[in-house]
Amino acid sequence: MSFEESLMELENIVERLEQGQLSLDESLLLFDKGIRLVRECDTMLKNAQQRVDKLIEENNGLGSEPFELQEESTLEK
């Protein structure tokens with residue numbers, strides 16, 4: 001499963017859990033699946049970061065800077 005597919009599946013799980021219409025057993029199964037998806041996505045992101053770092057290093061040490069996210073309220077102004 002790709003990162004994007006995993007993320008979409010995770011979003012679907014969160015929506016279903018937030019609706020509160022599931023039994024306890026169903027909720028626990030979905031929660032467990034969500035945790036596994038979060039771990040998989042985290043691993044994929046870490047691997048991607050390592051690849052980027054390696055590419056930067058191989059290309060004459062081009063520097064990288066942390067990317068700071070702007071809050072939504074800042075973007076709307």
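Refer to the preceding data block for the structure.
Predicted model, so just to flag it, every value in this text is computed and none were measured.

Trainee: What is the right way to read helix H2 (residues 24–58) from this model?
Mentor: Because an α-helix completes one turn every 3.6 residues, residues spaced three or four positions apart along the sequence face the same direction. For H2, built from 35 residues, the straight-helix expectation of 51 Å at 1.5 Å per residue is met to within 8% by its first-to-last C-alpha distance of 51 Å. Among the residues of H2, Leu 30, Gly 34, Leu 37 and Cys 41 are the ones counted as buried. Those residues of H2 hidden inside the fold are in contact with helix H1 (3–19). Two residues or fewer after H2 comes Asn 60, characterised by a positive phi angle close to 60 degrees.

Trainee: Any chance you could explain the pattern of salt bridges here in plain terms?
Mentor: Two side chains that carry opposite charge are able to pair once their charged atoms sit near each other. All chains considered together, the criterion is met by four salt bridges. Across the salt bridge formed by Lys 33 and Glu 9, the nearest N and O atoms sit 3.2 Å from each other. Of this pair, Lys 33 sits in helix H2 while Glu 9 is found in helix H1, placing the two residues 24 residues apart along the sequence. Taking the relative accessible area as the measure of exposure, Lys 33 reaches 32% and is therefore partly exposed.

Trainee: What is the right way to look at the side chain of Ser 6 in this model?
Mentor: Among the secondary structure elements, Ser 6 is positioned in helix H1. When near neighbours in sequence (up to four residues on either side) are disregarded, Ser 6 contacts Met 1, Leu 37, Glu 40, Cys 41 and Met 44.

Definitions and cut-offs
- Residues numbered from 1 in each chain as written.
- Predicted model: local features only at pLDDT ≥ 70, side-chain atom pairs only at ≥ 80, totals over all residues.
- Heavy atoms only, no water.
- Helix = DSSP H or I, 4+ residues; strand = E, 2+ residues; numbered from the N terminus.
- Expected span 1.5 Å × (residues − 1).
- Buried < 20%, exposed > 50% of the residue type's maximum accessible area, 1.4 Å probe, protein only.
- Contact = heavy atoms within 4.5 Å.
- Salt bridge = Lys/Arg side-chain N within 4 Å of Asp/Glu carboxyl O.

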